[in-house]
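# Close look at the chain arrangement
If you want the building blocks of each chain, they are given just below.
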Amino acid sequence: MHLGVESASMAGDLRGIGRYTRRLLSHFARLRPDLRITLYVESAAKANALAAELPGLGYGPDRGAVARVGRLGDDLPDLLWYPWGRITHRTTGVRTVVTMHDLAPFYLESRSWLRRLDRWRRQRRLRRTAGLADRIITDSDFSRDDIIKRLGVPSERVT
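Nothing here was measured: the structure is a model prediction, and the numbers come from that model. (Residues numbered from 1 in each chain as written. Predicted model: local features only at pLDDT ≥ 70, side-chain atom pairs only at ≥ 80, totals over all residues. Heavy atoms only, no water.)

## Here's the deal with the nonpolar core
Where a protein is soluble and globular, its nonpolar side chains tend to be buried together. Let me state the cut-off plainly: Among buried residues, the Ala, Val, Leu, Ile, Met, Phe, Trp, Tyr and Cys ones that are joined through side-chain atoms within 4.5 Å form a nonpolar core. Each residue's exposure class comes from its accessible area (1.4 Å probe, protein chains only) as a fraction of the maximum for that residue type: buried when under 20%, exposed when over 50%, partly exposed otherwise. The helix count covers DSSP runs of H or I at least four residues long, the strand count covers runs of E at least two residues long, and both are numbered beginning at the N terminus. In what follows, residue pairs with any heavy atoms lying within 4.5 Å of each other are defined as contacts.
In this structure, Met-100, Leu-103, Ile-136, Ile-147, Leu-151 and Val-153 are the most contacted members of the largest nonpolar core, which totals 20 residues. Contributions of two or more residues to this core are made by strand S4 (79-82), helix H3 (113-132) and helix H4 (141-151). Ignoring any residue separated from it by four or fewer positions in sequence, one finds Ile-136 in contact with Val-98, Met-100, Ala-130, Ile-147, Val-153, Arg-157, Val-158 and Thr-159. Counting residues in each nonpolar core, the second largest holds 17 residues, with Met-10, Leu-25, Ile-37 and Tyr-59 among its members.

Here you go:
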């Protein structure tokens, strides 16, 4: 199996979602010796930084690669995972899984029109992502129920 991971934020994110992603990738490497991964990034600097991390995550040169996101169509993975909660590059013909940790943009309040606009954009991005994803992974029953109710996602698509 070939897993593609949208990793544009991973190089600079050593806590939070970056830590979550690294731990799952390490776990996948141990569980599935046949798994091959490609981390998709937007710049050569990020590609170099993440390529250096692959052996520590359990992926040698035969199992792991880093590629620019523009090359996503060249070698389509079997599954494309978006750990940062939004689909940034839609590719047809590939099943997509998104991790949505919560729906915070629906709960943040602000008096500033600029912050309200930003909140509205984030809400719209979450709705779009929910509509495009084949599956959504979330951290808790509360977030699962919230995604189903607030975004209208069928319950069988949210784990």
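More follows now that the structure is in view.
## Digging into the environment of Ile-37
On the secondary structure map, Ile-37 appears in strand S2 (residues 36-41). Counting along the chain gives 26 residues from Ile-37 to Arg-63, while the straight-line C-alpha distance between them is 6.3 Å.

## Digging into the pattern of salt bridges
For the record, the criterion: By convention in these notes, a salt bridge is any Lys or Arg side-chain nitrogen within 4 Å of a carboxyl oxygen on Asp or Glu.
Throughout the structure, instances matching the rule amount to five salt bridges. The salt bridge partner of Asp-118 is Arg-122, with a shortest N-O separation of 3.0 Å. In this pair, Asp-118 and Arg-122 are both assigned in helix H3, four residues apart and thus about one turn of the helix distant. For Arg-122, a relative accessible area of 41% corresponds to the partly exposed category. Two residues, Asp-146 and Arg-150, come together in a salt bridge whose shortest N-O distance is 3.6 Å. Of the two residues, Asp-146 and Arg-150 are both situated in helix H4; the distance of four residues between them amounts to about one turn of the helix. The buried category is assigned to Asp-146, whose relative accessible area is 7%. Relative accessible area serves as the criterion here: at 36%, Arg-150 is assigned to the partly exposed category.

## So, a positive patch on the surface
Stated formally: Without a salt bridge and with relative accessible area above 30%, a residue can belong to a patch; like charges are then joined within 9 Å and nonpolar side chains (Val, Leu, Ile, Met, Phe, Trp, Tyr) within 5 Å. Under the convention used here, a 1.4 Å probe and the Shrake-Rupley method define accessible areas, while residue burial counts only the protein chains that appear. His is not counted, nor are the chain ends; Lys and Arg add positive charge and Asp and Glu add negative charge. For charged residues, the charge sits on one atom: NZ in Lys, CZ in Arg, CG in Asp, CD in Glu.
A grouping of Arg-86, Arg-121, Arg-124 and Arg-125 is seen on the molecular surface, where their side chains present a positively charged patch. Along the polypeptide, Arg-125 turns up in helix H3.

## Description of the packing of helix H1 (residues 16-31) against helix H2 (residues 44-57)
Counted only if it meets this: Interaxial angles span 0 to 180 degrees and are taken between N-to-C directions of axes, which are lines fitted to C-alpha atoms, for helices over the stretch in contact. Our angle categories are set so that under 35 degrees counts as roughly parallel, over 145 as roughly antiparallel, 65 to 115 as roughly perpendicular, and the remainder as oblique.
Contact geometry of H1 with H2 gives a least axis separation of 9 Å together with a crossing angle of 50°. Viewed along their axes, H1 and H2 adopt a mutual orientation that is oblique. Residues Arg-22, Leu-25, Ser-26 and Ala-29 of H1 form the contact with H2, whose participating residues are Leu-50, Glu-53, Gly-56 and Leu-57.

## Examining the layout of surface pockets
Selection criterion: As defined here, a cavity is a set of points on a 1 Å grid over the protein atoms alone where a 1.4 Å probe fits but cannot get out. A pocket is an open set with protein on both sides within 12 Å along at least five of seven lines, and residues line them when an atom is within 4 Å of a point. Grid points are joined across faces, edges and corners, and a volume is the space filled by probe spheres set on the points. Each residue receives one of three labels: charged for Asp, Glu, Lys and Arg, nonpolar for Ala, Val, Leu, Ile, Met, Phe, Trp, Tyr, Cys and Pro, and polar for the others, Gly being one of them.
Quantified by volume, the largest pocket comes out at close to 310 Å³. What lines the largest pocket is a set of 13 residues, among which Trp-84, Gly-85, Arg-86, Pro-105 and Leu-126 lie closest to the centre. Broken down by element, the lining of the largest pocket gets its largest block of residues, three residues, from H3. Residues belonging to the lining of the largest pocket are distributed by class as follows: six nonpolar, three polar and four charged. For the second largest pocket, the calculated volume is near 170 Å³. Of the residues belonging to the lining of the second largest pocket, the class tally is eight nonpolar, no polar and one charged.

## Some remarks on the pairing of strand S3 (residues 64-68)
Let me state the cut-off plainly: When DSSP locates at least two bridges between a pair of strands, those strands are taken to pair. Here a crossover is taken to be right-handed if, once the strands point away from the viewer, the path from the first strand over the helix to the second is traced clockwise.
Both S2 and S3 contribute to a ladder of five bridges, which runs parallel. The partner of Ile-37 across the bridge, within S3, is Gly-64. With respect to chirality, the unit in which S2 leads through H2 into the neighbouring parallel S3 is right-handed.

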